[in-house]
There are 4 protein chains.
Amino acid sequence: MSARDPEKLKTKLLEFAKDFPFFNLVGFEVLDCGPGFSKCQIRLRPELHNPNGVLHGGVLATLIDAGITQAMLMTDEYQVIRDTKGAMSTVDLHIKYLRPISSGLAICESRVVHMGKRIVHAQAKVMSDEGKDLALGDASMI
Amino acid sequence: MSARDPEKLKTKLLEFAKDFPFFNLVGFEVLDCGPGFSKCQIRLRPELHNPNGVLHGGVLATLIDAGITQAMLMTDEYQVIRDTKGAMSTVDLHIKYLRPISSGLAICESRVVHMGKRIVHAQAKVMSDEGKDLALGDASMI
Amino acid sequence: MSARDPEKLKTKLLEFAKDFPFFNLVGFEVLDCGPGFSKCQIRLRPELHNPNGVLHGGVLATLIDAGITQAMLMTDEYQVIRDTKGAMSTVDLHIKYLRPISSGLAICESRVVHMGKRIVHAQAKVMSDEGKDLALGDASMI
Amino acid sequence: MSARDPEKLKTKLLEFAKDFPFFNLVGFEVLDCGPGFSKCQIRLRPELHNPNGVLHGGVLATLIDAGITQAMLMTDEYQVIRDTKGAMSTVDLHIKYLRPISSGLAICESRVVHMGKRIVHAQAKVMSDEGKDLALGDASMI
């Protein structure tokens, strides 16, 4: 177990996310996070649409990539790596698009599913605020 | 063979991309396109960085998703689908991140590699303006 | 709801799998299945090893592909497709290898996670008989 | 540059593959290989069919996984790793199935597309002996 205070770390991460320029650009918000999970969202607006008038696939990919990273930040393993070797980074991101959406919220729940010695795997699911499945994602980080 | 004029279609697509809101938001530009290929780019700026100070993975995913879609738009097959069944959409997007980048250009070359009756597969490669490999991507559309 | 008898269909599928030549070649066995899930296994033997002396990745891919297919067979949707349009087939298979294994059992649990109108997505997890995670997989079928 | 004799290494690898039990079980043959590429094949036989009477997806996955590994074996980087840290292994395998096949040959050409410090990426394409595309694959190894 880490000697860190999880509540302090969480507060710090949520504060950081609120003011982070890229997150503001795409409207990415962290709703909740903990060691190995996160709940994040993007509020849709026409500027995020693709030419078919629905949320651009790249925005969903951004939501999943950022959400999965957030799920990893509070793990003890990540904190150790950050203090020693530097940041981990996504090596592989995979998105399955299930259903288009044009307004409301895209809410992404992410969780770390395997922490190996050299590689970490995580999965995510994106739903609308009406509970419809929008996308599935997975990522690997080293 | 389609009776369309490819040069007119290309001009129309390039014009459309220049003014499209989401493309402007992330700085996505179409440099060239034709039936089954495209060359697109995003000019990096600090607002597109992730918390590690390098281009956010979601932006690279956006570049690849949009670039691959662009590569499909001028194919006769897509034009037929557009006129009959409506738009095709990405069902699966897969990104491999090779190297971080913090400034300059991310240039994506996409090409359609297989056009089946029900599914289309395409591949993309992203390089920096210094010729370094940044990411590989593939997508399937139905 | 289908008018089929699920128990009869299950018995039929389990019987079929027992005598199927390719399944016997690699030692693939169906332990249980139902609409949208399956539990299958392969018993390791040296003939299935790769040159490093552990289970070949292709065998794990086979276990996952066959297991996921099995999970789909008892769904009403699949039975309708089989009766009308013919067989569905895997268009995309994705495996993440977590840990090598050289003896014992590789046990794969698969479940259908999304049934769209045109595409079905499923996920699988392979564990050893000692409960260690060996691989994660997902597949899409059209 | 390695001091190894590439021709000797190639002869050794081809000899090894010819007698390797798992390769014989599925009929996997190495036709050619070099640093960063390989050409391998599987001769179809009814025992490799799935219940629809076409080559099982797991066999194609095996062909691609084994073919990509073969493409890596002759690289200097791999030889150094083998001599120091031990074997590399596939962490991620991704197959796109393009077309079913029931007889003849499935021929897989693989090439390493990126050699990073920590991760290697390779791609493969499988064709029939009539030149039809059967599958695309990619894999990452660490």
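Our subject is the structure listed above.
A short tour of the structure in this document, coming up. (Residues numbered from 1 in each chain as written. Chains lettered and ligands numbered in written order. Predicted model: local features only at pLDDT ≥ 70, side-chain atom pairs only at ≥ 80, totals over all residues. Heavy atoms only, no water.)

Section: the relation of the copies chain B and chain A
It takes a turn of 180° to lay chain B on chain A, together with a shift of 0.0 Å along the axis; the resulting RMSD is 0.0 Å. Both chain copies can therefore be described as sitting about a two-fold axis. Relative to the rotation axis, the closest C-alpha in chain B is found at H94 of chain B, a distance of 2.2 Å. Comparing contact sets, 100% of the residues at the interface of chain B also lie at the interface in chain A, consistent with an isologous, same-surface contact. (Least-squares fit on C-alpha atoms with pLDDT ≥ 70 in both. Contact = heavy atoms within 4.5 Å.)

Section: the interface of chain B and chain A
Each partner contributes to the interface: chain B provides 31 residues, whereas chain A provides 31 residues. Surface buried jointly by chain B and chain A totals about 2400 Å² across both partners, of which 63% is contributed by carbon and sulfur atoms. Between the two partners, chain B and chain A, sit zero salt bridges. Summed over the shared surface of chain B and chain A, the result is nine residue pairs in polar contact (both at pLDDT 80 or more). Listed by contribution, the elements that provide at least two residues to the side of chain B that touches chain A are α2 (21-26), α3 (57-73) and β3 (90-97) of chain B. With eight residues, the top contributor of residues to the side of chain B that touches chain A is β3 of chain B. For the side of chain B that touches chain A, the class distribution of residues is 17 nonpolar, nine polar and five charged. (Buried area = accessible area lost by both parts, 1.4 Å probe. Salt bridge = Lys/Arg side-chain N within 4 Å of Asp/Glu carboxyl O. Polar contact = N/O pair within 3.5 Å; in protein donor to acceptor, adjacent residues only side chain to side chain. Helix = DSSP H or I, 4+ residues; strand = E, 2+ residues; numbered from the N terminus. Nonpolar A, V, L, I, M, F, W, Y, C, P; charged D, E, K, R; others polar.)

Section: the interface of chain C and chain A
Often the size quoted for an interface is simply the accessible area lost on bringing the parts together. On the side of chain A, 15 residues touch chain C, which itself brings 15 residues to the contact. For the pair chain C and chain A, the number of links is two salt bridges. Note that D138 of chain C is salt-bridged to K96 of chain A, the shortest N-O span being 2.9 Å. Taken together, chain C and chain A are joined by five residue pairs in polar contact (both at pLDDT 80 or more). Among the secondary structure elements, those contributing two or more residues to the side of chain C that touches chain A are β3 (90-97), β4 (105-115), β5 (120-128) and β6 (133-141) of chain C. Of all the elements, β6 of chain C adds the most residues to the side of chain C that touches chain A, at five residues. Looking at side-chain class alone, the side of chain C that touches chain A contains five nonpolar, five polar and five charged residues.

Comments concerning the packing of aromatic side chains
All names here are of chain D. Scanning all chains against the criterion turns up 12 aromatic pairs over all chains. Here F23 and F28 contribute two aromatic rings whose centre-to-centre distance is 4.6 Å and whose plane-to-plane angle is 55°, an arrangement assigned as tilted. As far as the burial class goes, F23 and F28 line up, both buried. (Phe/Tyr/Trp six-rings, centres within 6.5 Å; stacked < 30°, edge-to-face > 60°. Buried < 20%, exposed > 50% of the residue type's maximum accessible area, 1.4 Å probe, protein only.)

Considering the pairing of strand β2 (residues 37-43) of chain D
Residues and elements named next belong to chain D. In this sheet, β2 lies alongside strand β1 (residues 28-34) in antiparallel orientation, the contact comprising six bridges. Pairing of V30 across the sheet is with C40, part of β2. Once β1 ends, the chain turns through two residues before running back antiparallel as β2, passing G36 with a positive phi of about 95°. Here β2 pairs with strand β4 (residues 105-115) via seven bridges, running antiparallel. The residue bridging Q41 from the neighbouring strand is I107, located in β4. (Pairing = 2+ DSSP bridges.)

Comments concerning the pattern of salt bridges
Taken as a whole, this structure holds 20 salt bridges over all chains when the rule is applied. Notably, a salt bridge pairs E47 of chain A with R45 of chain A, separated by 3.2 Å at the nearest N-O pair.

What to know about the relation of the copies chain C and chain A
Mapping chain C onto chain A leaves a residual RMSD of 0.0 Å; the transformation is a rotation of 180° accompanied by 0.0 Å of translation along its axis. With an isologous cut-off of 70% or more, the 100% of interface residues of chain C that recur at the interface of chain A puts this contact in the isologous class.

Quick notes on the packing of helix α3 (residues 57-73) of chain A against α3 of chain B
Between α3 of chain A and α3 of chain B, whose axes approach to 8 Å, the crossing angle comes to 155°. For the element pair α3 of chain A / α3 of chain B, the angle class is roughly antiparallel. Seen from above, α3 of chain A lies across α3 of chain B with right-handed handedness. For the pair α3 of chain A and α3 of chain B, the contacting residues are G57, G58, V59, A61, T62 and D65 of chain A in the first and G57, G58, V59, A61, T62 and D65 of chain B in the second. Taken together, the residues that form the contact of α3 of chain A with α3 of chain B break down as four nonpolar, six polar and two charged. (Axes fitted to C-alpha atoms, helices over the stretch in contact; angles between N-to-C directions. Parallel < 35°, antiparallel > 145°, perpendicular 65-115°, else oblique. Left-handed = near helix turned anticlockwise from the far one by under 90°.)

Concerning the sheet that holds strand β1 (residues 28-34) of chain C
Whenever strands of a sheet pair, they do so through backbone hydrogen bonds, lying parallel or antiparallel. The strand order across the open sheet built from 12 strands is β1(C)-β2(C)-β4(C)-β5(C)-β6(C)-β3(C)-β3(D)-β6(D)-β5(D)-β4(D)-β2(D)-β1(D), with neighbouring strands paired in antiparallel fashion. The sheet is open, and its two borders are formed by β1 of chain C together with β1 of chain D, each paired with just one other strand. On average, each strand axis in the sheet is inclined to that of its neighbour by 15°, with strand direction left out of account. Two strands pair when backbone bridges link them, and strand β3 (residues 90-97) of chain D and strand β6 (residues 133-141) of chain D are joined in this way by seven bridges, in the antiparallel orientation.

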